[in-house]
Amino acid sequence: MIECRAVSKTYSRGVYALKDVSLSIDKGDFVFLTGPSGAGKSTLLRLLLRQEVPSSGSLTVGGRDLADLKPREVQAYRRSLGFIFQNFNLITTRTVVENVAIVPRVLGQSDEQQKRRAFQVLKWVGLQHRISAFPQELSGGEQQRVAIARALVNDPTLILADEPTGNLDPDLALDIMNLLREINARGTTVLVATHDRELIRRVNRRTIALASGHLAEET
Amino acid sequence: MALAGYAWREGSMSLWRGRRAAAVAIAAIASVVFVAGAFLVLSFNARRIVRSWSASAEMSVYLADDAPPAAVQELDRWIQQSGMAESVVYVSRDEAFRRFQRDFPGLADVAGNPSDHPLPASLEVLLRPTAASGPVFDAWIDDLRRRPGVIDLRYDLEWLSRLQRLVRTIEVTGFAIVGILGLAAALTVASVVRLAAASRSDEIDIMRLVGAPLSTIRAPFIVEGLLQGVIGAAIALLLLAIGAWIVQLRYGAWIAEVTGLDGVSFLPPLAALSVIAGGLVLGGIGGFVASRGAARP
């Protein structure tokens, strides 16, 4: 699914965010990407989201080299992904259902289809009773569930999550992880960047550790 | 179709949310379109006056007393066949004398008596308004002056031609001013739509991340600009119509007396539509400029 070969990413003044990182993630895997702040986790996710391209090396997802994608192909590629961020990235002026429906709307689905699909995933994450609420009316855990629903709404083959439990207490964090495990059980590849060692221990899945931009450990 | 519906919904909602800032852009567009529309109304009415006066423009071709009837007939036929005249009427010396006495009774003694007066026979030519100007007409006049039997010409077209040129100059100047104001209005719209875009930057970022096509991101901003344009133009048109109505009410009789027209006319439907289209173009340009900035990664 994801093939990362000798990927390096440098920013100005030659500072390496990632250096010579090679890793492989198979379809249907659930993988933690861990390491301290500045280890390169978010950089790798930005490369996978195709917000940036590697300075050297190759990064392929589903057989496509992300550096070779044209702007239109980048849009199409992103439509095949789901992403979840620590700060939820919800639109505060939109209701829960509208936040989730933004993806099918972008895909050109009709209003009816958008709402039906958004309601299905909101029901799946247990928020069917909050569809008309605005994000600021929800708890942190509920907001992250909305973000997960949005990530799921287009049936992605790959979900990228950047510190999805960073703003949640441990119990809610485990709830969210269980939700991601359920998603993974349905065949979706899940890559979660987190520095929460306790959570990784409790979930007990494959873990790739980065340190100072290098691949430090794989368990 | 789905994109159009989405852009319409999002654009109108964004316009409503930012209605205070949008009011500035709408006012700017309304001002520009009002000035442009006012020039159009002025130019339209000035052209009506020129057309009306040109339509009744006459030329008198004075004939020599000894001009043989055959030469006069030949001259009459030559004028009619030239394509410059609507009609040609022969006025004999006797008829000229009668008219003079009728039109200037106080000066009847000056003209002398019916058998001995200085008034020449003439051909009264009603000129075609479309043909009665330009170098071809000038050449024709020169030719006419040299025709056998012609002693003089009197026509009032030269000042009408000057009036036409003046109207054209006013139009060109007016639309140059409108062009500059239009640029300023488009920039105002772009700034207002950019403000709306900045307030929705989180949404735009998310749309980019979920792979929204550029058209999906940009279209609502263009629609927002178009809406501002059409609302501004509609307001300007309404103000112009009210202005024209007030002028007609207060000065209609005076205008009719001076110009010979039935008062001030508002813009014909096609011109009014073009005013709306002008507003749409201004708003669209502003929205497009803003959308390019908003959709830039």
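Note that the coordinates shown come from a computational prediction; the quantities given were computed from them, not determined experimentally.

**Structural notes on the overall build of chain A**
- Assigned secondary structure in chain A consists of 7 helices and 10 strands.
- The 219 residues of chain A split such that 42% are buried.

**Things to note about the interface of chain B and chain A**
- The interface of chain B with chain A comprises 12 residues on the first partner and 15 residues on the second.
- Of all the elements, helix α7 (residues 201-209) of chain B adds the most residues to the side of chain B that touches chain A, at 5 residues.
- Looking at the side of chain B that touches chain A, its residues break down into 8 nonpolar, 2 polar and 2 charged.

**Points about helix α3 (residues 69-81) of chain B**
Residues and elements named next belong to chain B.
- Its 13 residues give α3 an end-to-end C-alpha distance of 18 Å, which sits within 8% of 18 Å, the value for a rise of 1.5 Å per residue.
- Turning to α3, its buried residues are Val72, Leu75 and Ile79. The arc that holds every buried residue of α3, seen down its axis, measures 60 degrees, which confines them to one face. α3 presents Ala70, Gln73, Arg77 and Gln81 as exposed residues on the side facing more than 90 degrees away from its buried surface.
- Tucked into the core, α3 has its buried residues touching β1 (58-63), β2 (85-91), β3 (122-127) and β4 (150-155).
- Directly beyond the C-terminal end of α3, a positive phi value near 85 degrees is found at Gly83.

**What about the sheet that holds strand β2 (residues 16-25) of chain A?**
All names here are of chain A.
- Ordered in space as β2-β1-β4-β5, the 4 strands form an open sheet in which the pairing is antiparallel. What marks the edges here is a single partner per strand, and that holds for β2 and β5 (64-65).
- Across 2 bridges, the pairing between strand β4 (residues 56-61) and β5 is antiparallel. Residue pairing in the sheet places Val61 in a bridge with Arg64 of β5.

**Looking at the pairing of strand β7 (residues 158-162) of chain A**
Residue and element names in this part refer to chain A.
- Burial within β7 is extensive, with 5 of its 5 residues counted as buried.
- Side chains Leu158, Leu160 and Asp162 of β7 all project onto a buried face; the interleaved residues Ile159 and Ala161 project onto the opposite face, where all are buried too.
- For strand β6 (residues 81-85) and β7, the ladder comprises 5 bridges, and the chain directions are parallel. When the bridges of β7 are listed, Gly82 appears paired with Ile159.

**Describing the sheet that holds strand β8 (residues 189-193) of chain A**
Residues and elements named next belong to chain A.
- Spatially, the 6 strands line up as an open sheet ordered β6-β7-β8-β3-β9-β10, and their pairing is mixed. Because the sheet does not close on itself, it has two edges, and the strands there are β6 and β10 (214-218). Strand after strand, the sheet turns through a mean of 20 degrees between neighbouring axes, direction not considered.
- Note that strand β3 (residues 30-34) and β8 share 4 bridges and pair parallel. Looking at the pairing, Phe32 lines up with Val192 of β8.
- In this fold helix α5 (residues 140-152) packs onto β6 and β7, with an angle of close to 165 degrees to the strand it touches most, β6.

**So, the nonpolar core**
- With 106 residues, the main nonpolar core has Val100 and Ala149 of chain A together with Ile29 of chain B as its most contacted residues.
- For this core, the element with the most residues is helix α2 (residues 19-55) of chain B, which contributes 12 residues.
- In this structure, Ala149 of chain A is in contact with Val100, Val121, Leu122, Val125 and Leu127 of chain A, ignoring residues within four places of it in sequence.
- Counting 13 residues, the second-largest nonpolar core is a separate cluster that includes Met59, Val125, Leu144 and Leu160 of chain B.

**A look at the environment of Arg50 of chain A**
All names here are of chain A.
- Checked against the element boundaries, Arg50 lands in the loop between α1 (41-48) and β4.
- Assessed through the 21 C-beta atoms surrounding it within 10 Å, Arg50 is described here as buried.
- Measuring from C-alpha to C-alpha, the distance between Arg50 and Gln75 comes to 9.4 Å, with 25 residues separating the pair along the chain.
- When near neighbours in sequence (up to four residues on either side) are disregarded, Arg50 contacts Leu66, Leu69, Val74, Tyr77 and Arg78.

**Observations regarding α7 of chain B**
- Along α7 of chain B, the positions that sit buried rather than exposed are Glu203, Ile204, Ile206, Met207 and Arg208 of chain B.
- Gly211 of chain B lies just past α7 of chain B and shows a positive phi near 85 degrees.

**Observations regarding unusual backbone geometry**
- Positive phi, normally seen in glycine, also occurs at Asn89 of chain A, with a value near 50 degrees.
- You can see Asn89 of chain A is positioned in the loop between β6 and α3 (96-106).

**Concerning the pairing of strand β9 (residues 206-211) of chain A**
Residues and elements named next belong to chain A.
- The pairing of β3 with β9 spans 4 bridges and is parallel. Residue pairing in the sheet places Leu33 in a bridge with Ile208 of β9.
- Bridge count for β9 against β10 is 4 bridges, and the pairing is antiparallel. Each bridged residue has a counterpart across the sheet, and for Ala211 the counterpart in β10 is His214.
- Here β9 folds back onto β10 in antiparallel fashion, the turn holding 2 residues, of which Ser212 has a positive phi close to 50 degrees.

Conventions we followed
Residues numbered from 1 in each chain as written. Chains lettered and ligands numbered in written order. Predicted model: local features only at pLDDT ≥ 70, side-chain atom pairs only at ≥ 80, totals over all residues. Helix = DSSP H or I, 4+ residues; strand = E, 2+ residues; numbered from the N terminus. Buried ≥ 20, exposed ≤ 12 C-beta atoms within 10 Å, placed from the backbone. Contact = placed C-beta atoms within 7 Å. Nonpolar A, V, L, I, M, F, W, Y, C, P; charged D, E, K, R; others polar. Expected span 1.5 Å × (residues − 1). Arc of directions from axis to C-beta. Pairing = 2+ DSSP bridges. Axes fitted to C-alpha atoms, helices over the stretch in contact; angles between N-to-C directions. Core = buried A, V, L, I, M, F, W, Y, C linked by C-beta atoms within 7 Å.

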